[in-house]
Amino acid sequence: MTLREAALGTDHEPSVMSDSRATIISAGTVVTGLDVLRPGWVRVLGSRITHVGEGISPRVADVEALSGVITAGFVDIHVHGGGGASFTSGDAEEAARAVAFHRRHGTTSMLASLVSAEPAALLDSVAMLADLAQEGVLDGIHLEGPWLAPGKRGAHDAKTLRHPDSAEIDRLMVAACGHLAMVTLAPELPG
């Protein structure tokens, strides 16, 4: 259940709210997707949000974060690394460190973005990231190039840009094992 769905519910019967297995978290602010509750509380049972409310929690909170904010996790669909680690290095441990850095700061889901690169290097990076996605470390892969317009390449090395090639695309799709989630490209390029 999402924060939004839990906030829609009104079932606060005492037997449900007194379940000792549940965790109640009180915060100065709870953002539900529908409302901003100040103060607010969230009830979690296992890995599910079961109730959300405004004001003082229905029982003593297990965790009090009165100056904190509870919100849904962040989703990042365009990130090249973090915490001094990169997704483009080709090193799985470094990529995992980048993910861990973002997780510590509230990102719950992310696509690893790769910049334009030579075909062999790009293929190796996609295969490595696909393994991490298969393990559940990442949610997918974002190819930012190499099929970009030279005049709109931003920070991409012009030497790595090229026109789309169906054989290369097929190899990348196979290497991605179904984890290629987004591609940034120039649709006006031939091919």
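Residues numbered from 1 in each chain as written. Predicted model: local features only at pLDDT ≥ 70, side-chain atom pairs only at ≥ 80, totals over all residues. Heavy atoms only, no water.

Some points on the overall build of the chain
Tallying secondary structure elements over the chain gives five helices and 11 strands in all. Relative to a compact globule of 191 residues, whose C-alpha radius of gyration would be 16 Å, the chain shows 22 Å and is clearly more extended. Summarising its shape, the C-alpha atoms of the chain cover approximately 65 × 30 × 30 Å along the three principal directions. Residues classed as buried in the chain amount to 39% of the 191 residues present. Long-range contacts, defined as pairs at least 24 residues apart, comprise 65% of the intrachain contacts of the chain with a sequence gap of at least 6. Carbon together with sulfur atoms contributes 57% to the accessible area of the chain, which is approximately 10,400 Å² in total. (Helix = DSSP H or I, 4+ residues; strand = E, 2+ residues; numbered from the N terminus. Rg over C-alpha atoms; globule rule 2.2 N^0.38 Å. Buried < 20%, exposed > 50% of the residue type's maximum accessible area, 1.4 Å probe, protein only. Contact = heavy atoms within 4.5 Å. Areas by Shrake-Rupley, 256 points an atom, 1.4 Å probe, with all protein chains shown as cover.)

Quick look at the pattern of salt bridges
For the structure shown, the criterion picks out two salt bridges. For D62, the salt bridge identified is with R59, shortest N-O distance 3.2 Å. For R162, the salt bridge identified is with E168, shortest N-O distance 2.7 Å. (Salt bridge = Lys/Arg side-chain N within 4 Å of Asp/Glu carboxyl O.)

Description of the environment of A176
Take A176: it is sitting in helix 5 (residues 166-176). Each C-alpha atom, one on A176 and one on H80, is 17 Å from the other, the two residues being 96 residues apart in sequence. Setting aside its immediate chain neighbours within four residues, A176 contacts V126, A130 and I141.

Topic: the nonpolar core
The biggest cluster of nonpolar side chains holds 27 residues, and the ones touching the most others in it are F87, L114, V126, L129, L138, I141 and L143. Those elements giving two or more residues to this core turn out to be helix 3 (92-104), strand 9 (107-114), helix 4 (119-134), strand 10 (140-144) and helix 5. Beyond its immediate chain neighbours, meaning those up to four positions away, V126 contacts L114, I141, L143, L172, A175 and A176. In terms of nonpolar packing, the next biggest core, distinct from the first, is built from eight residues, A27, V30, V52 and I70 among them. (Core = buried A, V, L, I, M, F, W, Y, C linked by side-chain atoms within 4.5 Å.)

Observations concerning the pairing of strand 3 (residues 40-45)
Among the six residues in strand 3, five count as buried, and that is most of the element. One ladder, built from five bridges, connects strand 1 (residues 23-31) with strand 3; its direction is antiparallel. The partner of S26 across the bridge, within strand 3, is W41. As paired strands, strand 3 and strand 4 (residues 48-54) are joined by six bridges and run antiparallel to one another. The partner of V44 across the bridge, within strand 4, is I49. (Pairing = 2+ DSSP bridges.)

A word on the environment of L114
Relative to the helices and strands, L114 is located in strand 9. A relative accessible area of 1% means that L114 is categorised as buried. Considered as a pair, L114 and L189 are 75 residues apart in the sequence and their alpha carbons are 20 Å apart. Once residues lying within four places of it in the same chain are set aside, the contact partners of L114 are H80, F87, T88, L122, S125, V126, L129, I141, H142, L143 and E144.

Some thoughts on the confidence of the model for the chain
Confidence along the chain averages 91 in pLDDT terms, with 91% of residues attaining 70 or more. The lowest-confidence element of the chain is helix 2 (residues 14-17), averaging 53 in pLDDT; the highest-confidence one is strand 10, averaging 98. (pLDDT = per-residue confidence, 0-100.)

A closer look at unusual backbone geometry
With the exception of glycine, the majority of residues adopt a negative phi angle, and the majority of peptide bonds are in the trans configuration. Between R38 and P39 the backbone carries a cis peptide bond, its omega angle lying at -15 degrees. Position of P39 relative to the elements: it lies in the loop between strand 2 (36-37) and strand 3. Of the consecutive residues G145 and P146, the connecting peptide bond is found in the cis state with omega at 15 degrees. Summarising the element assignment, P146 is placed in the loop between strand 10 and helix 5.

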